[in-house]
Amino acid sequence: MSNSIVFLCLGQGSQYFNMTYELYRKNKAYHDYLCEVDDLVYQIAGCRVLDYIFDKSKSLSEPCDDLQLSSLALFLCQYSLGKLLIDQGIVPDYIVGSSMGELVALALSNDSHLERVIKLLSQSVRRIEISCQKGGMLAVLHNSNVFYKQREVFGDCEIAGINCDDNFVVTGSNYSLMKAAGYLKENRIIFQRLPVQYAFHSDMIAEVHEEVESCFRPWKLNVPIGSCAYGDIIEILPRSYIWDILRRPILFQEIIQRIEKNIKPIYFDLSPGGTLSNFIRRIGTSNKIYSVINRYHKENEYLERLINAFTIKER
């Protein structure tokens, strides 16, 4: 069985200020892609994403949680890195998308629709900001069984996603998340409040269902998408696709297990901090995983190492 290149793209919760700044500063191709897409965003949404994400007055500890700008920043950084890798001859056979990372996958799969994807992303999050009550998401480093065994503790929370056996995400109102956090802290279960101000993947965004679903007209994929919304590899986009990636739980573990069963992947993690790489290692794999974006200002070093390590023999 020959190797298949699999790109990994992540959504809300992984972003931080000044992510990829060193790559932007020193890699001309990445710099140019970011600026090009930032210009498109300005034309479509009227905002400058790079001014927001590269604000040098912000520290790593400050929450990067403006929904519109942080969502677009995640899109810009991952899409531009994917294009950079493709320029280096690292062309994906499949693209896995987690939550709004599926929009990155959608654009990379057929970049002739880049402007449409940006518009879909911008309009969807704007509708959520206008229409939906604020809430949030908690990442929990524990088996998801604790959610079902202590269901009353989690109130109106829902499972937003299962990343691996010992990492799941809950989503819900701020009150329920506060109660859940108290229980987790009391029982010494590690958790983290994600920099997300809305309860994605829950009924708390139901108000925008019809608006989000009606604005999407499917098009042809050039590269199959490993969809965490469906837990399956898709080659044809359903009409409900954009709504499904926002509302359905994230089946990351399920899609990776399916990939590992059916193909021999080499993973290229486009997510900030190598988040998806870490989940895959916890799920269990003997296959190679490369990542670039990290919090230690070593993106250029990681990228050079990746390109030097990847040869045609690995295909």
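Described below are features of the structure shown in this document.

Conventions adopted
Residues numbered from 1 in each chain as written. Predicted model: local features only at pLDDT ≥ 70, side-chain atom pairs only at ≥ 80, totals over all residues. Heavy atoms only, no water. Helix = DSSP H or I, 4+ residues; strand = E, 2+ residues; numbered from the N terminus. Buried < 20%, exposed > 50% of the residue type's maximum accessible area, 1.4 Å probe, protein only. Polar contact = N/O pair within 3.5 Å; in protein donor to acceptor, adjacent residues only side chain to side chain. Contact = heavy atoms within 4.5 Å. Phe/Tyr/Trp six-rings, centres within 6.5 Å; stacked < 30°, edge-to-face > 60°. Pairing = 2+ DSSP bridges. Axes fitted to C-alpha atoms, helices over the stretch in contact; angles between N-to-C directions.

Before going further, it helps to examine the side chain of Thr-171. Tracing the backbone shows Thr-171 in strand β5 (residues 167-172). Residue Thr-171 is classed as buried on the basis of its relative accessible area, which comes to 0%. In this structure the side chain of Thr-171 is engaged in a polar contact, spanning 3.4 Å, whose partner is the backbone oxygen of Gly-136. Side-chain polar atoms of Thr-171 contact the backbone oxygen of Phe-200, separated by 2.8 Å. With residues near it in sequence (within four places) discarded, Thr-171 still touches Gly-136, Met-137, Asp-156, Cys-157, Glu-158, Ala-160, Ala-199, Phe-200, His-201 and Ser-202.

Moving on to the packing of aromatic side chains. Going through the model one piece at a time under the given rule, you end up with 14 aromatic pairs. Consider the rings of Phe-7 and Phe-268, whose centres lie 6.3 Å apart with planes at 65°: the pair is edge-to-face. Of this pair, Phe-7 sits in strand β1 (residues 3-9) while Phe-268 sits in strand β9 (residues 264-269), and the two are 261 residues apart along the sequence. Like Phe-7, the residue Phe-268 is buried in the burial classification. The interplanar angle of 40° and the centroid separation of 6.3 Å between the aromatic rings of Phe-216 and Tyr-241 together place this pair among those described as tilted.

Once that is clear, we can look at the sheet that holds strand β10 (residues 289-291). A sheet is described by the order of its strands in space; here six strands give the open sequence β8-β7-β2-β1-β9-β10, paired in mixed fashion. Each of the sheet's edge strands pairs with one partner strand only, and the pair in question is β8 (232-236) and β10. Each neighbouring strand pair of the sheet contributes to a mean axis angle of 30°, computed without reference to strand direction. Across six bridges, the pairing between β1 and β9 is parallel. Residue pairing for β9: Val-6 is matched across the bridge by Tyr-267. Helix α5 (residues 101-109) rests against β1, β2 (94-97) and β7 (220-227) of the sheet, and its axis sits at about 150° to β7.

Now for α5. Taken across its nine residues, α5 has nine buried, putting it largely inside the fold. Every buried residue belonging to α5 is among Gly-101, Glu-102, Leu-103, Val-104, Ala-105, Leu-106, Ala-107, Leu-108 and Ser-109, and all of these are buried. Those residues of α5 that are buried are in contact with β1, α4 (67-87), β2, α6 (114-131), β7 and α10 (241-247).

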